Amino acid sequence: MAGDPIKVCEISDLSTDKGYRVTSVAPPLAVFLTVDGAVHVLDDSCTHQDAALSDGWVDDCIVECPLHMSRFDLRTGMVDAPPAALPVRVHKAKVVNSEVWVTLSEEAPNLPPGTAPS
Ligand code: FES
């Protein structure tokens, strides 16, 4: 059974050209606002090595990791370009009264080697 939604930020905290890092949960989350007005929430850890996707470059519905330029689909977490091989875990997001609420996935995260949830 899914947990209760948690508020992670205000919609005004977001912009379409960069991610927003949430550290109040472990592992941290990356929140993205796409040009179509949709909000997407993923684990903030690249699945290749220890890099924050919230520091990556956003192009339409794709985020590019700032370290080795793997690309991930913000809607599904699937890999769009290597070297990453595993998808990033995606969480359900909802905007209510300008607040972004997230229901955390119950799937195990695909954290990169050598890192642990913290
Ligand atoms: S750490 Fe993201 S592609 Fe290598």
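Note that the coordinates shown come from a computational prediction; the quantities given were computed from them, not determined experimentally.

Chemist: Could you clarify how one ought to interpret the overall build of the protein chain in this entry?
Modeler: From N to C terminus, the protein chain includes zero helices and ten strands. Along the chain direction, N to C, the helices and strands of the protein chain fall in the order β-β-β-β-β-β-β-β-β-β. The proportion of buried residues among the 118 residues of the protein chain is 42%. Within the protein chain, residue pairs in contact and separated by at least 24 positions form 42% of the contacts whose partners lie at least 6 positions apart. A total accessible area of about 6,400 Å² is found for the protein chain, and carbon and sulfur atoms account for 51% of it.

Chemist: I keep staring at the pairing of strand E10 (residues 99-103) and nothing clicks. Help me out?
Modeler: Every other side chain in a regular strand lies on the same face of the sheet, so the side chains alternate between the two faces. Relative to E10, strand E1 (residues 6-10) runs antiparallel, the two being bridged by four bridges. Counterpart to Lys7 in the pairing with E10 is Trp101. Sheet topology places strand E9 (residues 90-96) next to E10; five bridges connect them, and they run antiparallel. Across the sheet, Lys94 pairs through a bridge with Trp101, a residue of E10.

Chemist: Would you explain the UniProt feature "domain: Rieske" (unreviewed entry) in the protein chain in this entry?
Modeler: Within this numbering scheme, the UniProt entry marks residues 6-102 as carrying the feature "domain: Rieske" (unreviewed entry). Between the end C-alpha atoms of residues 6-102 there is a gap of 5 Å, over a span that is 0% helix and 42% strand.

Chemist: Help me understand the pairing of strand E4 (residues 39-43) in this model?
Modeler: Most of E4 is tucked away: five of the five residues are buried. As defined by bridge partners, strand E3 (residues 29-33) adjoins E4 across five bridges and the pair is classed as antiparallel. Counted as the bridge partner of Leu33 is Val39 from E4. Across two bridges, the pairing between E4 and E9 is antiparallel. In the sheet register, Val41 faces E9, and the bridge partner there is His91.

Chemist: Can you help me understand the sheet that holds E1 in this one?
Modeler: One key point about sheets: their strands pair by backbone hydrogen bonds, in either a parallel or an antiparallel sense. What the six strands build is an open sheet, ordered E1-E10-E9-E4-E3-E2; its pairing is antiparallel. Two strands close off the open sheet at either side, each with one partner strand: E1 and strand E2 (20-22). In this sheet, neighbouring strand axes are inclined to one another by 30° on average, regardless of whether the strands run parallel or antiparallel.

What counts and how
- Residues numbered from 1 in each chain as written.
- Predicted model: local features only at pLDDT ≥ 70, side-chain atom pairs only at ≥ 80, totals over all residues.
- Heavy atoms only, no water.
- Helix = DSSP H or I, 4+ residues; strand = E, 2+ residues; numbered from the N terminus.
- Buried < 20%, exposed > 50% of the residue type's maximum accessible area, 1.4 Å probe, protein only.
- Contact = heavy atoms within 4.5 Å.
- Areas by Shrake-Rupley, 256 points an atom, 1.4 Å probe, with all protein chains shown as cover.
- Pairing = 2+ DSSP bridges.
- UniProt positions renumbered as here; feature names shortened; annotations may be inferred.
- Axes fitted to C-alpha atoms, helices over the stretch in contact; angles between N-to-C directions.

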